[in-house]
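# Architecture at a glance
Listed here are the chains, written in short residue letters.
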Amino acid sequence: MKRFGLFLVLALFSALTWAETREFSMTIEEVKVHVAPDLDYKVFAFDGQVPGPLIHVREGDDLIVHVTNNTGLPHTIHWHGTYQTGTWQNDGVPGVTQEPIQPGDTFTYKFKADKPGTLWYHCHVNVNEHVGIRGMWGPMIVDPRKPLPIEKTVTKDVIMMFSGWESQDAEKYGHGGTPYDVTDYFTINGKSFPMTQPIRVKKGDVVRVRFIGAGGEFHEMHSHGHDMLVTHKDGLPLPNPYYADTVLIGPGERYDVIIRMNNPGRFIFHDHIDRHVTARGKFPGGAITIIEYDGIPKEPWYVWANKDYDPNFFYSESMKQGYGIFTSPSFAGEPIERRHRGQ
Ligand SMILES: [Cu+2]
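All of these numbers come straight from a predicted model, not from anything done at the bench.

## Focus on the coordination of the copper ion
Each protein donor to the copper ion is listed here as His75 (ND1), Cys123 (SG) and His130 (ND1); together their distances run 2.0 to 2.1 Å. One chain supplies every donor for the copper ion, spaced along it as H-x47-C-x6-H. Placement of the pair is His75 in the loop between β4 (62–69) and β5 (78–80) and His130 in helix α2 (residues 127–130), with a sequence separation of 55 residues.

This is the structure:
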């Protein structure tokens with residue numbers, strides 16, 4: 001009996017303090033991604049994909065991330081949201097915390113996942129080009145040690161990263177991202193409608209959408225037919241969660257919302273800033289998706305009646321796989337011949 005008591009104490013102690021060391025490797029690659037039916041774009045891509053791979057860890061974990069720069073320009077990674085308590089040299093800001101990672105070099109970041117919630121990572125070199133229009137961003141989800149009761153009811157996770165693109169600089173590394181350049185494409189997870197994907201649900205689902213403002217624009221996401229319960233801002237639980245059917249996401253911001261899927265049908269879920277639902281100036285395009293309930297027939301006139309479905313477009317499948325780093329083949333770009341670089 002005494003021994004069992006000791007076991008219980010030890011089990012409780014390890015459950016409370018359990019933290020893992022998680023060691024990942026990432027590369028930065030020059031690839032071309034397919035942003036819209038009429039737009040291919042040269043990017044600097046984490047592990048060759050835009051958005052970058054999902055990093056999913058638990059609050060308190062120790063992270064070691066080896067980053068190898070296989071591109072022709074210098075970069076860093078800033079872990080947006082982490083406090084870097086006692087590890088400020090890992091904050092990823094060139095000229096402030098480190099020298100940039102030069103082409104061909106590897107840099108290792110070591111830090112604790114000390115802030116829970118919806119975070120993201122991005123380059124901090126020449127940010128307005130590399131982050132603004134060149135795809136250098138990815139999601140980092142840190143599960144809290146003490147989730148809210150409502151978080152435990154979630155049946156499906158959806159991650160949406162917003163960004164803008166400038167078609168005139170699609171082929172020109174080292175250019176673009178200034179206030180004088182025209183942003184004419186807008187995307188969710190790197191794709192402009194109709195290349196985005198539906199959010200497929202069934203009645204009774206509790207969907208958590210994590211909005212991440214990865215680009216330089218504001219996005220006003222509007223959920224037809226459903227209210228969103230806004231529960232977290234920048235990873236932190238709100239003292240007073242509130243309902244909204246439009247949520248404004250600014251650059252760098254994150255909002256977590258919970259949507260109860262209680263209204264079977266088919267509903268558009270779109271950016272309410274008119275120019276953000278265009279592509280090269282033409283409607284419809286840009287930041288649009290559609291909530292599709294199971295069992296709703298798809299009439300032939302439905303815009304996505306015959307769509308090839310990618311269940312991991314919003315990282316929903318990756319989020320089910322526990323902790324680690326998760327690449328997504330559907331976000332992968334095509335390699336660019338090095339000799340053509342720097343056009
Ligand atoms: Cu960069």
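## So, the pattern of salt bridges
Counting across every chain of the model gives 19 salt bridges. Close ionic contact of Arg22 with Asp61 constitutes a salt bridge, the shortest N to O distance being 2.5 Å. Residue Arg22 is found in strand β1 (residues 21–36), and its partner Asp61 is found in the loop between β3 (54–58) and β4; the two are separated by 39 residues along the sequence. What makes Arg22 buried here is its relative accessible area of 11%. A relative accessible area of 0% places Asp61 in the buried class. Two residues, Asp157 and Arg208, come together in a salt bridge whose shortest N-O distance is 3.0 Å. Of this pair, Asp157 sits in strand β9 (residues 156–165) while Arg208 sits in strand β12 (residues 206–213), and the two are 51 residues apart along the sequence.

## A short note on the nonpolar core
For soluble globular proteins, nonpolar side chains are generally found buried alongside one another. Of all hydrophobic cores here, the largest spans 78 residues; its most connected members are Met160, Trp165, Phe211 and Phe269. For this core, the element with the most residues is β1, which contributes 7 residues. There are two domains that each give this core at least three residues, and those are domain 1 (19–146 + 328–340) and domain 2 (150–309). If you look at the next biggest cluster of nonpolar residues, it comprises 7 residues, including Phe193, Tyr302, Trp304 and Ala305.

## Some words on the sheet that holds strand β11 (residues 199–201)
Ordered in space as β11-β19-β18-β13-β16, the 5 strands form an open sheet in which the pairing is mixed. Unpaired on one side and paired on the other, β11 and β16 (246–249) mark the two borders of the sheet. Going from strand to strand, the sheet's axes swing by 20 degrees on average, the running direction of each strand aside. Pairing of strand β13 (residues 219–223) with strand β18 (residues 266–271) involves 3 bridges; the strand directions are antiparallel. The residue of β18 that forms the bridge with His222 is His270.

## Points about the layout of surface pockets
If you add up the space inside the largest pocket, you get close to 250 Å³. As for the largest pocket, its lining consists of 15 residues, of which Asp143, Glu151, Val154, Asp157 and Arg208 are closest to the centre. Its residues assigned to classes, the lining of the largest pocket comprises 4 nonpolar, 3 polar and 8 charged. Here the lining of the largest pocket gathers at least three residues from each of two domains, domain 1 (19–146 + 328–340) and domain 2 (150–309). Reported here for the second largest pocket is a volume of approximately 150 Å³. Lining the second largest pocket are Thr155, Lys156, Arg200, Val201, Lys202, Asp205, Asp294, Tyr309, Ser316, Glu317 and Lys320.

## A word on the sheet that holds strand β7 (residues 117–122)
Judged by pairing direction, the sheet is mixed, and its 5 strands sit side by side in the order β5-β7-β8-β3-β20 without closing on themselves. Every other strand in the sheet has two partners, leaving β5 and β20 (324–326) as the edge strands with one partner each. Each adjacent strand pair in this sheet contributes to an overall mean axis angle of 25 degrees, direction not counted. Here 6 bridges tie β7 to strand β8 (residues 137–143), and the two strands are oriented antiparallel to one another. The residue of β8 that forms the bridge with Gly117 is Val142.

Parameters and conventions
Residues numbered from 1 in each chain as written. Predicted model: local features only at pLDDT ≥ 70, side-chain atom pairs only at ≥ 80, totals over all residues. Heavy atoms only, no water. Donors = N, O, S within 2.8 Å, 3.2 Å for Na, K, Ca; no water. Helix = DSSP H or I, 4+ residues; strand = E, 2+ residues; numbered from the N terminus. Salt bridge = Lys/Arg side-chain N within 4 Å of Asp/Glu carboxyl O. Buried < 20%, exposed > 50% of the residue type's maximum accessible area, 1.4 Å probe, protein only. Core = buried A, V, L, I, M, F, W, Y, C linked by side-chain atoms within 4.5 Å. Domains from an automatic or database assignment. Pairing = 2+ DSSP bridges. Axes fitted to C-alpha atoms, helices over the stretch in contact; angles between N-to-C directions. 1 Å grid on protein atoms, 1.4 Å probe; cavity = no way out; pocket = protein on both sides within 12 Å on 5 of 7 lines; lining within 4 Å. Points joined across faces, edges and corners; volume = space filled by probe spheres on them. Nonpolar A, V, L, I, M, F, W, Y, C, P; charged D, E, K, R; others polar.

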